[in-house]
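One-letter residues, chain by chain:
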Amino acid sequence: MPAAAPQGEHLSDDRPSERLQLSPAVTPQYSLKQLALSRYHACWYQLGKRLAWSRGIYREQPAHQLHHLSGIHRERIASLQRRFRVRFEQHVKQTTALKQYDYLDILDQAWSAWKLPRLIGGSVQDIGSSNFWYAHALHAFFQPVEMVGIEVEGHRIYLDGYSRLDYAQGYIQHLSNTRFFIGDYTCYHDSADVVTAWYPFVTPGPVLSWRMPLSVLAPEALFSRVAQNLPPHGLFIMVNQSREEAAIGATWCEKAGLTRHGLCVLKATLRSRLPAVASYWMHSHT
Ligand SMILES: C[S@@+](CC[C@H](N)C(=O)[O-])C[C@H]1O[C@@H](n2cnc3c(N)ncnc32)[C@H](O)[C@@H]1O
């Protein structure tokens, strides 16, 4: 039964503004403009958190059919639909459905590049899920017995008055065993067979572009929590938006005691975006 877990569960602390910063060796010097923006975003972040506003479950109008697809896109989507038995457009609008096919395509391409057997029926944690619009794609790929999306700014309010939590509840409403959890992953103590992170923050630019305070940039704490939550057989899947971000993420993974077992650069097939760099990691001693 999908449900949004109450804030506080699994958390030992939830104060990103007081958490550790980057390690001294790599502490960046922020400009005054960056610091001012960070302060501004911190105010909105704190306000959202205090208000914990909800307008009720957001129910996206389904597209039912996909329109205006090129031949290549149509073929690729048809193949994903057949193999994963999904029709995202029956639940969401076309733009969301195309993004969902895109994430499913990234997983599918990465898995075949890594020659990994499909992992079906384990527990899955997704870090930094935004409003969990891609939950259905993860669910189709992993068919989990349990899945949770963890988002530190789950109370962000959109212009239409709905919050990320409202959207997330809509996106997961038909997915079995799936939850959306509002909290800081660095304080999330629970294990999972698979941990995924789609575009985790490892440099300040994306943090500010996502309208977050720089205090959430805590890669050392984030990746060491991944390592602690991952059992010996567990997989950590990281997707980064450039080779540079992937290299920085890789340094933090290694520092946390993880070893890379596969890496691939995936050209966008379904959306116009930068190539995604996907990698998978396990504990170094396994
Ligand atoms: C670049 S966005 C990616 C969002 C989403 N994964 C996607 O692919 O659309 C990173 C997200 O991670 C969230 N985040 C950052 N640090 C976090 C933390 N410590 N715990 C949970 N969420 C976090 C941010 O609020 C933001 O929504």
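A brief report on the enclosed structure follows. Here the residue numbering is sequential within each chain, running from 1 through the sequence in written order. Only residues with pLDDT of at least 70 are given local features in this predicted model, and only at 80 or more are side-chain atom pairs given and counted; all residues enter the totals for whole chains, interfaces and linings. Side-chain numbers come from the whole structure's heavy atoms, not from hydrogens or water.

**Quick look at the overall build of the chain**
Our working definition: Helix and strand assignments follow DSSP, with helices taken as H or I runs no shorter than four residues and strands as E runs no shorter than two, numbered in order from the N terminus. Categorising residues by exposure relies on relative accessible area from a 1.4 Å probe, with only protein chains included: less than 20% of the type maximum marks a residue as buried, more than 50% marks it as exposed, and the intermediate range marks it as partly exposed. Only heavy atoms enter the contact rule, under which two residues are in contact if any of them lie within 4.5 Å. For every accessible area listed, the method is Shrake-Rupley and the probe measures 1.4 Å; residues are considered covered only by the protein chains on display.
In terms of regular secondary structure, the chain is built from eight helices and eight strands. Each of the 286 residues in the chain was classed as buried or not, and the buried ones make up 52%. Once local pairs closer than 6 in sequence are excluded, the contacts in the chain between residues at least 24 apart make up 74%. With the model as given, the accessible surface of the chain reaches about 13600 Å², and the carbon-plus-sulfur share is 56%.

**Describing the site of the ligand**
Convention followed: We define proximity as follows: a residue is near a molecule or strand when any one of its heavy atoms falls within 4 Å of that partner. Any pair of N or O atoms that falls within 3.5 Å is considered a polar contact. Within protein, one atom must be able to donate a hydrogen and the other to accept it, and sequence-neighbouring residues count only if both atoms are side-chain atoms.
Surveying the vicinity of the ligand reveals 18 residues, the closest of which are Tyr 103, Gly 128, Glu 151, Asp 184 and Tyr 185. Measuring from a nitrogen atom of the ligand, one finds a backbone N or O atom of Gly 128 at 2.7 Å. Measuring from a nitrogen atom of the ligand, one finds a side-chain N or O atom of Asp 184 at 2.8 Å. Burial of the ligand by the surrounding chains reaches 95%, relative to a free accessible area of 600 Å².

**A short note on empty space enclosed by the protein**
We count it as follows: Method remark: on a 1 Å grid restricted to protein atoms, a set of points is classed as a cavity if a 1.4 Å probe fits but cannot get out and as a pocket if it is open with protein on both sides within 12 Å along at least five of seven lines; lining residues have an atom within 4 Å of a point. Grid points are joined across faces, edges and corners, and a volume is the space filled by probe spheres set on the points.
Considering all chains together, one arrives at two cavities of 30 Å³ or more under this definition. Taken together, Ser 123, Val 124, Gln 125, Glu 146, Val 148, Arg 179, Tyr 188, Asp 190, Ser 191 and Ala 192 make up the full set of residues lining the largest cavity. When residues of the lining of the largest cavity are traced back to their parent elements, those giving at least two are strand 2 (123-127) and strand 3 (146-151). Among the elements that line the lining of the largest cavity, the one with the most residues is strand 2, at three residues.

**A word on the side chain of Arg 179**
Relative to the helices and strands, Arg 179 resides in strand 4 (residues 178-182). For Arg 179, a relative accessible area of 17% gives the class buried.

**Thoughts on the packing of helix 3 (residues 94-114) against helix 4 (residues 135-142)**
Helix-helix packing is described using two parameters, namely the angle between the two axes and the distance between the axes. Under the convention used in this document: Helix axes are fitted only over the stretch in contact, all axes being lines through C-alpha atoms; the angle between N-to-C directions runs from 0 to 180 degrees. It is the rotation of the near helix from the far one that decides the hand of a crossing: anticlockwise by less than a right angle makes it left-handed, clockwise makes it right-handed. Polarity classes work like this: nonpolar for Ala, Val, Leu, Ile, Met, Phe, Trp, Tyr, Cys and Pro, charged for Asp, Glu, Lys and Arg, and polar for all others, with Gly in that last group.
Axis separation between helix 3 and helix 4 bottoms out at 8 Å; the angle between their running directions is 35 degrees. The hand of the helix 3/helix 4 crossing is right-handed. On helix 4, the residues that touch Gln 100, Tyr 103, Leu 104, Leu 107, Asp 108 and Trp 111 of helix 3 are His 136, Ala 137, Leu 138, Phe 141 and Phe 142. A breakdown of the residues in the contact of helix 3 with helix 4 according to their chemical character gives eight nonpolar, two polar and one charged.

**Observations concerning the packing of aromatic side chains**
We apply this condition: The pairing test for Phe, Tyr and Trp rings, Trp by its six-membered ring, is centres within 6.5 Å, and the orientation test on the planes gives stacked under 30 degrees, edge-to-face over 60, and tilted for anything in between.
Applying the stated criterion across every chain yields a total of 24 aromatic pairs. Ring centres of Phe 88 and Tyr 101 lie 4.6 Å apart, and the angle between their planes is 50 degrees; on these two criteria the pair is classed as tilted. On the criterion of sequence distance, the pair formed by Phe 88 in the loop between helix 2 (71-84) and helix 3 and Tyr 101 in helix 3 is long-range, its members being 13 residues apart. Take Phe 88 and Tyr 101: they sit in the same class, and that class is buried. Ring plane angle 50 degrees and centroid distance 5.1 Å describe the contact between Tyr 103 and Tyr 134, whose orientation is recorded as tilted.

**Looking at the nonpolar core**
Rule in force here: The set of buried Ala, Val, Leu, Ile, Met, Phe, Trp, Tyr and Cys residues whose side-chain atoms join them within 4.5 Å is what this entry labels a nonpolar core.
Judged by nonpolar contacts, the single largest core of 51 residues is most densely connected at Tyr 101 and Phe 132. If you tally residues by element for this core, the top one is helix 3, at 10 residues. In contact with Phe 132, not counting residues within four places along its chain, are Asp 126, Leu 138, Met 147, Val 148, Gly 149, Ala 168, Tyr 171, Ile 172, Thr 178, Arg 179 and Phe 180. Ranked by size, the runner-up nonpolar core spans 22 residues in total, among them Tyr 185, Leu 222, Phe 236 and Leu 258.

**Comments concerning helix 7 (residues 219-229)**
Counted residue by residue, helix 7 has eight buried out of 11 residues, so it is predominantly covered. Of the positions making up helix 7, those classed as buried are Pro 219, Ala 221, Leu 222, Phe 223, Arg 225, Val 226, Ala 227 and Asn 229. Structurally, helix 7 contributes buried residues whose contacts are with strand 2, strand 5 (194-198), strand 6 (235-240), helix 8 (243-255), strand 7 (258-266) and strand 8 (276-283).

**Considerations on the pairing of strand 3**
To keep it simple, the criterion reads: Pairing between strands is defined by DSSP: at least two bridges between them are needed. A right-handed crossover is one whose linking path, passing over the helix from the first strand to the second, runs clockwise when the strands point away from the viewer.
With five of its six residues buried, strand 3 lies for the most part within the structure. When strand 2 meets strand 3, the two strands line up parallel, connected through five bridges. Directly across from Ser 123, in strand 3, lies its bridge partner Glu 146. Read as a crossover between parallel neighbours, the route from strand 2 over helix 4 to strand 3 is right-handed. In this structure, strand 3 lies alongside strand 4, joined through five bridges in parallel fashion. By the bridge assignment for strand 4, Glu 151 is matched with Ile 182. In this region the chain leaves strand 3, passes through helix 5 (residues 164-172) and returns to the parallel neighbour strand 4; the handedness of that crossover is right-handed.

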